[in-house]
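Analysis of the macromolecular model
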Amino acid sequence: MSETRKTKAFLLGIVGSFFFAFTFVLNRSMNLGGGYWMYSAILRYLFTLPILLVMLMKGKQYLPVLADIRKQPVRWLIWSTVGFGLFYLPLTAASLFAESWFTCAMWQVTIVCGVLLTPLFGRKIPVKNLSCSCLILVGIFLMQMPYMRAAGGIGDEGASPFGGIGMAFILILIGAFSYPLGNRKTMSFCDEKLTTIQRVFGMTLCSMPFWIVSGVVALIRSGAPTGNQCVQALGVAVFSGVIATVLFFRATDMVRQDARALAAVEATQCGEVIFTLLLGIIVLKDAPPSVEGWSGIGIIVVGMVLTSLVKG
């Protein structure tokens, strides 16, 4: 494999991480702008569904997905709700309590959660991966230190030990377990019958009952979403749900035969933390990290890189 191809794949991964960062920045922006937090999650998936459908129109690639859903509707509904609904709704709620960079960095705990879920799929916990992932937990702990000392969060103070920040961590932890669990479960019963985009389309479609019920609750509690929130939610769907996903999948596909190059591309996900930090400070005027926060972010990035290299 040529070095040019590897370099191109790596750069595509970096660009993809830039667009992924818009998830955290725009969710925070919608909350600061007065948009109801539930709509930030609901609208993202409502907008993503037709976009994915259009992507699968060529050759009617959506038909195999619909056929498989008809064969096993209960599995699709349950694990799509877990993988998308119980993942993204808590993650969106967490943006109420913390700056965008904090939420993004804390979200990397999903790497640890993914490792801990391994026994549920008949495999042993990979010790090397878990050791690397523990670095991520150390980084998250360091990031929380200033808020622990202050005994409160950035948003509304709740009954959790550390105020809003503690609540944010609980919400992110729910999402961090739900995302890999739903993703792996759907992979297990889909086998290789469907492509990645087909599977994402199926999960998005089957999570719609959850989003519709959530939409009714949001409408009763807050009324209709504002036009500004709809535009920003569309931005999340396009930037993160489509552009970032396609770029990252393309990058990994280009180097799938080279384990080291693939590991390097996977490590580009670290860019989410950096780009979210910069965009949050520049666009949203987020408070920059403290010394402990910077140290925590650095350790999280190192932990993610090492985890990726171990996979390689």
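Conventions used here
Residues numbered from 1 in each chain as written. Predicted model: local features only at pLDDT ≥ 70, side-chain atom pairs only at ≥ 80, totals over all residues. Heavy atoms only, no water. Patch = residues over 30% accessible without salt bridge, like charges linked within 9 Å, V, L, I, M, F, W, Y side chains within 5 Å. Areas by Shrake-Rupley, 256 points an atom, 1.4 Å probe, with all protein chains shown as cover. Salt bridge = Lys/Arg side-chain N within 4 Å of Asp/Glu carboxyl O. Helix = DSSP H or I, 4+ residues; strand = E, 2+ residues; numbered from the N terminus. Buried < 20%, exposed > 50% of the residue type's maximum accessible area, 1.4 Å probe, protein only. Disulfide = S-S within 2.5 Å. Axes fitted to C-alpha atoms, helices over the stretch in contact; angles between N-to-C directions. Parallel < 35°, antiparallel > 145°, perpendicular 65-115°, else oblique. Contact = heavy atoms within 4.5 Å. Nonpolar A, V, L, I, M, F, W, Y, C, P; charged D, E, K, R; others polar. Expected span 1.5 Å × (residues − 1). Polar contact = N/O pair within 3.5 Å; in protein donor to acceptor, adjacent residues only side chain to side chain. 1 Å grid on protein atoms, 1.4 Å probe; cavity = no way out; pocket = protein on both sides within 12 Å on 5 of 7 lines; lining within 4 Å. Points joined across faces, edges and corners; volume = space filled by probe spheres on them. Phe/Tyr/Trp six-rings, centres within 6.5 Å; stacked < 30°, edge-to-face > 60°. Lys NZ or Arg CZ within 6 Å of the ring centre and 35° of its normal. Arc of directions from axis to C-beta.

1. Details of a nonpolar patch on the surface
- Together, Leu135, Val302, Val305, Leu306 and Leu309 line one region of the surface with nonpolar side chains, adding up to about 350 Å² of accessible area.
- Examining the composition of the nonpolar patch, we find that four residues originate from one element, helix H14 (residues 291-311), more than from any other.
- Looking at the element boundaries, valine 302 is found in helix H14.
- A residue is classified by how much of its surface remains accessible, and valine 302, at 43% relative accessible area, is partly exposed.

2. Here we look at the state of the cysteines
- Here the structure, examined in full by the defined rule, presents zero disulfides.
- The thiol sulfur of cysteine 206 is not disulfide-bonded, and the nearest other cysteine sulfur, from cysteine 190, lies at 9.5 Å.
- Using a relative accessible area of 5% as the deciding quantity, one classes cysteine 206 as buried.

3. What to know about the packing of helix H4 (residues 73-94) against helix H9 (residues 196-206)
- In the contact formed by H4 and H9, the axes pass within 8 Å of each other and the chain directions differ by 95°. On the basis of their axis angle, the class for H4 and H9 is roughly perpendicular. Here Trp76, Leu77, Trp79, Ser80, Thr81, Gly83 and Phe84 of H4 come into contact with H9, specifically with Arg199, Val200, Gly202, Met203, Thr204 and Cys206.
- Residue classes in the contact of H4 with H9 are distributed as seven nonpolar, five polar and one charged.

4. Some points on helix H13 (residues 271-283)
- In this model, H13 (13 residues) spans 17 Å end to end at C-alpha, consistent with the 18 Å of a helix rising 1.5 Å per residue.
- Of the residues making up H13, those classed as buried are Gly271, Glu272, Val273, Thr276, Leu277, Leu279 and Gly280.
- Phi turns positive, to about 60°, at lysine 285, one or two residues after H13.

5. Structural notes on the side chain of serine 80
- Checked against the element boundaries, serine 80 lands in helix H4.
- The buried category is assigned to serine 80, whose relative accessible area is 0%.
- Polar contacts involving the side chain of serine 80 include one to the main-chain carbonyl oxygen of tryptophan 76, which spans 2.6 Å.
- Discounting chain neighbours no more than four positions away, the residues touching serine 80 are Arg75, Gly85, Gly202, Met203, Cys206 and Ser207.

6. Thoughts on the pattern of salt bridges
- Evaluation of the coordinates by the stated rule reveals one salt bridge.
- With a closest N to O distance of 2.8 Å, lysine 193 and aspartate 68 form a salt bridge. Taken as a pair, lysine 193 in the loop between helix H8 (164-190) and H9 and aspartate 68 in helix H3 (residues 63-71) lie far apart in primary sequence, 125 residues in all.
- Judged by its relative accessible area of 5%, aspartate 68 falls in the buried class.

7. Looking at empty space enclosed by the protein
- A complete count under the given rule lists one cavity of 30 Å³ or more for this structure.
- Space inside the largest cavity adds up to approximately 50 Å³.
- Forming the boundary of the largest cavity are Leu52, Met55, Ile197, Val200, Gly241, Val242, Thr245, Val246 and Phe249.
- If you list the elements that add at least two residues to the lining of the largest cavity, you get helix H2 (37-55), H9 and helix H11 (227-254).
- With five residues, H11 is the largest single contributor of residues to the lining of the largest cavity.
- Grouping the amino acids of the lining of the largest cavity by side-chain chemistry returns seven nonpolar, two polar and no charged.

8. Describing the packing of aromatic side chains
- Taken as a whole, this structure holds 18 aromatic pairs when the rule is applied.
- With a centroid separation of 5.3 Å and an interplanar angle of 40°, the aromatic rings of phenylalanine 87 and tryptophan 107 are classed as tilted. Here tryptophan 107 lies in helix H5 (residues 100-107) and phenylalanine 87 lies in helix H4, a separation of 20 residues in the sequence. Neither residue differs from the other here; phenylalanine 87 and tryptophan 107 are each classed as buried.
- Directly above the ring of tyrosine 45 sits arginine 44, whose terminal nitrogen or CZ lies 5.0 Å from the centroid.

9. Some thoughts on H3
- Along H3, the residues classified as buried are Val65, Asp68 and Ile69. For H3, the angular spread of the buried residues around the axis is 100°, confining them to a single face. Across H3 from its buried face, at more than 90 degrees, point the exposed residues Arg70 and Lys71.
- Against H4, H8 and H9 lie the buried residues of H3.

10. Regarding the environment of cysteine 113
- Residue position: cysteine 113 is located in helix H6 (residues 110-116).
- Along the sequence, cysteine 113 and leucine 130 sit 17 residues apart, while their C-alpha atoms lie 9.5 Å from each other.
- Residues contacting cysteine 113, with those up to four places away along its chain left out, are Leu173, Ala176 and Phe177.

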